[in-house]
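The primary structure of each chain is shown beneath.
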Amino acid sequence: MKKRILIIGGVAGGASCAARLRRLCEHCEIVIFEMGSYVSFANCGLPYFIGDVIVDEQKLLVATPELFEQRFNIRVCTDSEVLAIDRTNKSIEVCDLKTGRKRIESYDALVLSTGSEALWPDIDGIDLPGIYVLRTIPDSRKIRGNLANMKSAVVLGAGFLGLELAENLKKRGLTVTVLQSTDQVMPSLDKEMARFVAQYLQKNDIDLQLNCQVNRFELNQDQTLTVHRQDGESIVSDAVMVSVGVKPRTQLARQAGLSIGDLGGIRVDETMQTSDSYIWAVGDVVEVRNVITGEWQLLPLAGPANRQGRLAAAAILSNEDQQDIPSTYRGVQGTSVCGLFDLTIASTGVNEKTLKKIGYENYEKVYLHPGNHVGYYPGAKPIHMKLLYDTSNGKILGAQALGESGVARRIDIISAFIQMDGSVYDLEEAELCYAPQFGATKDPVNLAGMIAANQLRGMHPLAKWEELLETHVQVSEDQDEAAQLLAFILNDPFTQAQLVDVRTEAEFLQKHIPNAINIPLDNLRDRLNELSREREIWVVCGVGQRAYNATRILQQNGFRVRNLSGGMQTYETYNGGSEQ
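Reading the values: the criteria
- Residues numbered from 1 in each chain as written.
- Predicted model: local features only at pLDDT ≥ 70, side-chain atom pairs only at ≥ 80, totals over all residues.
- Heavy atoms only, no water.
- Salt bridge = Lys/Arg side-chain N within 4 Å of Asp/Glu carboxyl O.
- Helix = DSSP H or I, 4+ residues; strand = E, 2+ residues; numbered from the N terminus.
- Pairing = 2+ DSSP bridges.
- Axes fitted to C-alpha atoms, helices over the stretch in contact; angles between N-to-C directions.
- Contact = heavy atoms within 4.5 Å.
- Phe/Tyr/Trp six-rings, centres within 6.5 Å; stacked < 30°, edge-to-face > 60°.
- Buried < 20%, exposed > 50% of the residue type's maximum accessible area, 1.4 Å probe, protein only.
- Lys NZ or Arg CZ within 6 Å of the ring centre and 35° of its normal.
- Patch = residues over 30% accessible without salt bridge, like charges linked within 9 Å, V, L, I, M, F, W, Y side chains within 5 Å.
- Areas by Shrake-Rupley, 256 points an atom, 1.4 Å probe, with all protein chains shown as cover.
- Core = buried A, V, L, I, M, F, W, Y, C linked by side-chain atoms within 4.5 Å.
- Expected span 1.5 Å × (residues − 1).

1. Considerations on the pattern of salt bridges
Think of it this way: side chains of opposite charge can pair up when their charged atoms draw near. A full pass over the atoms with the stated rule returns 31 salt bridges. Among the salt bridges present, the one from Asp-79 reaches Lys-98, with a minimum N-O distance of 3.6 Å. In this pair, Asp-79 sits in the loop between β3 (75–77) and β4 (80–86) while Lys-98 sits in the loop between β5 (91–96) and β6 (102–106), placing the two residues 19 residues apart along the sequence. Here Glu-536 and Arg-562 are joined by a salt bridge, their closest N and O atoms 3.1 Å apart.

2. Considerations on the sheet that holds strand β12 (residues 207–209)
Spatially, five strands are ordered β9-β16-β10-β11-β12 in an open sheet, and the strand pairing comes out parallel. One side of each edge strand has no neighbouring strand; the edge strands of this open sheet are β9 (131–133) and β12. Across the sheet, the axes of successive neighbouring strands diverge by a mean angle of 20°, strand direction being ignored. Across three bridges, strand β11 (residues 175–179) lies against β12 in parallel orientation. When the bridges of β12 are listed, Leu-179 appears paired with Gln-209. Against the sheet, helix α5 (residues 160–171) contacts β10 (152–156), β11 and β16 (239–242), and its axis sits at roughly 165° relative to β11.

3. Quick notes on the packing of aromatic side chains
Counting across every chain of the model gives four aromatic pairs. When the centroid spacing of 6.0 Å and the interplanar angle of 85° are considered together, the rings of Tyr-367 and Tyr-574 count as edge-to-face. Of the two residues, Tyr-367 sits in strand β24 (residues 363–368) while Tyr-574 sits in helix α17 (residues 567–574), which places them 207 residues apart along the sequence. An identical accessibility class is assigned to Tyr-367 and Tyr-574; each is buried. It is Lys-90 that lies over the ring of Tyr-278; its NZ or CZ is 3.9 Å from the centre.

4. Focus on a nonpolar patch on the surface
A grouping of Tyr-376, Tyr-377 and Tyr-434 is seen on the molecular surface, where their side chains present a nonpolar patch of about 350 Å² in accessible area. In this structure, Tyr-434 sits in the loop between α11 (424–429) and α12 (444–456). Since its relative accessible area comes to 40%, Tyr-434 is described here as partly exposed.

5. As for the nonpolar core
Counting 58 residues, the largest nonpolar core has Leu-169 and Val-197 as the members making the most contacts within it. Looking at which element gives the most residues to this core, the answer is helix α6 (residues 191–203), with seven residues. Sequence-distant contacts of Leu-169, defined by excluding residues within four places in its chain, comprise Ile-50, Leu-147, Ala-153, Val-155, Leu-174, Val-176 and Met-241. The next biggest cluster of nonpolar side chains, apart from the first, holds 57 residues, and it includes Ala-63, Cys-77, Ala-312 and Tyr-329.

6. A few points about α6
Look at α6: 18 Å from first C-alpha to last across 13 residues, which is about the 18 Å you get at 1.5 Å a residue. Looking at the residues trailing α6, positive phi occurs at Asp-205, about 65°.

What follows is the structure in structure tokens.
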């Protein structure tokens, strides 16, 4: 008797599961039910369809129902909503949205790939005309069709999709304002790294407003919208794009009584099996384990969804006399990338915010700003990097990088090392491609490992920027007399580290950290007598390299010394862009 496998949801995880099932089993019956009119479409490409980067809508269709039928012998039922799951009788109730007719379909195995749905904020006027969300091809068609009537747009939300949408609207000639309720863009980044993105948005004439809460939308007589903020300010715009996040589409799973996790996703085991032994779930709808922290999390990304679909297929057919095929899911590490104008933003593993949240104490971080390739070859661009690692064994915990070239490749390399349980010592020894136009003999990945490994060996003690900003109190003319006196007391130089800037005098005069003294690296050996042996010395330079050399000189001359990792490039992001 043929095994009958039904799949609810035909995008990413569901489509991947179906194709894999067929490759593993030629004789089972496979049916996909998709509520929308399209199956296996490239939803990651929707902002670029709006931006006219992708001109032909058909290019967004990865596969059609006809292709599934002809190539894979898989039946696809589009415009078909699954209303209920009957676990006792192993069946589902399906409604044909075109005719309204309902029917019952039985299964031997069921896969839920219902995905996620846009969060719709509870704001007065949210349902007014001119307010859009982008999740499907019809959504993108609606926005694109109305662009001729738009001169301005407000984007609610500064995550990946919101910023990609902002970029493409800007490229279509609109004036774009991005409103973000928190104090940073891109939650996957740490705040100081996100500041690079914020600066880049402003450079490209995107009006970014952080810590901004919207409490009301109002439709004006000329059909424009007024966006009212909680602080009393307002913005008039032709359109509003809502991109404040997504949530798992778990209505069916809840109706069926399947186990739901604390984050609102379907709880699955390592084979993607739900609390029902005949039902599997994949993609945005499930909660998954983070391989580094062991915590459950939601990760609505296409890559993990596709891998989960493949693994679920192998698990479903594990008793079908198949060859030994891996069918357990290792979890996720959150590797992602986003393009924003000419900037690439990528990350893998956990960020520092997460480590602090879960109470992970034995970690350190390094910052670096190397070129994407050697400086003597034309066109070198900086890559801003942050690497997090465990101080007990050097295990890599996460990395973030931004730049105009070579970013994704570096994060992919670090991602692979994380997957293999690699350490910073592995990074410093990694043998990577080198030619002048592609990298350097010490690749940015190598440099990140070298800096971290030197810190672990005691050759490169690090000071934290947070400690600098917390302990070196600034005295302002705006303070009253009592506040100035308190600041002077707190700013007692004998209770603080001595800041030494080892850049050239010209660089120092252009901008520097308040209270720092300037001793250029090339003069340091001759001016050691100017430094305190009672206080710890914190060394800074432009991006960290000269400060490391200074650290080694001072260490071997008996000074207690630490390096402010990443130099002035990092200081400016920690200090919110302010400088002296």
